[in-house]
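Secondary and tertiary structure notes
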Amino acid sequence: MKVAIIQARTGSTRLPGKVLKTLGAESVISQLYHRIKQCRFLDDIVIAMPEGAEDDALAKHVANFCPSTARGSEKDVLDRYMTAADQFGAQTVVRITSDCPFFDPDILDQMLEAFDHDGPDYMSNTIDPHLPRGLDAEVFTMDALRRAHNSATAPHEREHVTPYIYQHPELFSVKGFRIDGSWSDLRWTLDTEQDWTLIQRMYDLLEVPYQDARLPDFLAVIKAHPELREINASVKQKTLDE
């Protein structure tokens, strides 16, 4: 069973409620879910949310379109992933964050094929940074997740799920994935108001239906409107310790 687990919450520090913002006719989290649903090699998609009252509205919203949901610790996201993966019988786990509305399902399908072919414990398309931020994906075995869950103790290892795996290559087989091209200077993730402005502008300027759009379509928008790069160029990505 290949299961994608989308981690989502309401309480973002820089942009609270960001995944419930309306992009087109739907919420960001709904739009992302339906993009990931186009992946050919996934058996299930789970949205994993914190169990506190603050996220009850998010859980109620998600239940309208996603039949597979789980709730767990807000801070210990590694435990939340472990709970969700166990609940839905995952053998291979895909980690995706909920603030990536331009996520490309075709790239994930390529990753899953490479993961099956190469057989590592862990694969990521960010080890060799080349994609716009917001197309990030990690694939790992259930065994690797379980070992990390049992051994990880540092706060950043618990909050960010996978650092214990990729920071210990002596314990795990770690492999990068990349496609041709380099666009790592572009930021298409949703974490600030500037990011939201950019995402809305790009969405409105797409020349193909949003759910059909892939990396080349989004790049075409940037090529035609290079001034868009400046909207969130000053935003700094948080470090693992922040």
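An account of the accompanying structure is given in this report. (Residues numbered from 1 in each chain as written. Predicted model: local features only at pLDDT ≥ 70, side-chain atom pairs only at ≥ 80, totals over all residues. Heavy atoms only, no water.)

We now examine the layout of surface pockets. A volume near 1400 Å³ is recorded for the largest pocket. Lining the largest pocket are 48 residues, and of these Arg-95, Thr-97, Arg-133, His-160 and Gln-237 lie nearest its centre. Contributions of two or more residues to the lining of the largest pocket are made by helix H3 (77-87), strand E6 (92-97) and strand E7 (122-124). It is E6 that contributes the most residues to the lining of the largest pocket, three residues altogether. Here the lining of the largest pocket is built from residues that sort into 14 nonpolar, 17 polar and 17 charged. (1 Å grid on protein atoms, 1.4 Å probe; cavity = no way out; pocket = protein on both sides within 12 Å on 5 of 7 lines; lining within 4 Å. Points joined across faces, edges and corners; volume = space filled by probe spheres on them. Helix = DSSP H or I, 4+ residues; strand = E, 2+ residues; numbered from the N terminus. Nonpolar A, V, L, I, M, F, W, Y, C, P; charged D, E, K, R; others polar.)

As a further point, take the packing of aromatic side chains. All chains considered together, the criterion is met by eight aromatic pairs. Centroid distance Phe-102 to Trp-188: 6.0 Å. Interplanar angle 75°. Geometry classified as edge-to-face. Of the two residues, Phe-102 sits in the loop between E6 and helix H4 (105-118) while Trp-188 sits in the loop between strand E9 (174-176) and helix H8 (193-205), which places them 86 residues apart along the sequence. For Trp-188, a relative accessible area of 1% puts it in the buried group. For the pair Phe-102 and Phe-218, a centre-to-centre distance of 4.2 Å together with 20° between the ring planes defines the contact as stacked. With Phe-102 in the loop between E6 and H4 and Phe-218 in helix H9 (residues 215-224), this pair connects stretches of sequence that are 116 residues apart. By the burial criterion, Phe-102 is buried, and Phe-218 matches it. In this structure an aromatic cluster arises from ring pairing among Phe-102, Trp-188 and Phe-218. Sitting over the ring of Tyr-210, Arg-35 keeps its end group 5.1 Å from the ring centre. (Phe/Tyr/Trp six-rings, centres within 6.5 Å; stacked < 30°, edge-to-face > 60°. Buried < 20%, exposed > 50% of the residue type's maximum accessible area, 1.4 Å probe, protein only. Lys NZ or Arg CZ within 6 Å of the ring centre and 35° of its normal.)

Summarising the element assignment, Ala-148 is placed in helix H5 (residues 142-151). Judged by its relative accessible area of 0%, Ala-148 is buried. If near-sequence neighbours (up to four positions away) are discounted, Ala-148 is found in contact with Leu-78, Arg-158, Tyr-164, Ile-165 and Phe-172. (Contact = heavy atoms within 4.5 Å.)

Looking now at the nonpolar core. Core analysis: the biggest nonpolar cluster contains 56 residues, and Ile-36, Leu-42, Ile-47, Leu-108, Trp-188, Met-202 and Leu-215 have the highest contact counts within it. Elements supplying a minimum of two residues to this core: strand E1 (2-7), helix H1 (28-36), strand E4 (44-50), helix H2 (56-62), E6, H4, H8 and H9. A total of six residues in this core trace back to one element, the largest contributor, which is H4. For Ile-47, the residues in contact, after removing those within four places along its chain, are Ile-6, Ala-8, Ile-29, Tyr-33, Val-62, Phe-65, Cys-66, Ser-68, Thr-69 and Ala-70. Of all hydrophobic cores here, the second largest spans 25 residues; its members include Ile-5, Met-82, Val-93 and Tyr-122. (Core = buried A, V, L, I, M, F, W, Y, C linked by side-chain atoms within 4.5 Å.)

Before going further, it helps to spend a moment on the pattern of salt bridges. Under the criterion given, the structure shown has 18 salt bridges. We note a salt bridge from Arg-146 to Asp-86, for which the minimum N-O separation is 3.1 Å. Taken together, the residues Arg-146 in helix H5 and Asp-86 in helix H3 connect sequence positions 60 residues apart. Exposure remark for Arg-146: the relative accessible area of 36% places this residue in the partly exposed category. When the shortest N-O distance is used, the salt bridge between Glu-138 and Arg-95 registers 2.8 Å. Linking Glu-138 in strand E8 (residues 138-141) with Arg-95 in strand E6, this pair joins segments that are 43 residues apart in sequence. Look at Glu-138 and you get buried, because its relative accessible area is 9%. Classification of Arg-95 by relative accessible area gives buried; the value is 12%. (Salt bridge = Lys/Arg side-chain N within 4 Å of Asp/Glu carboxyl O.)

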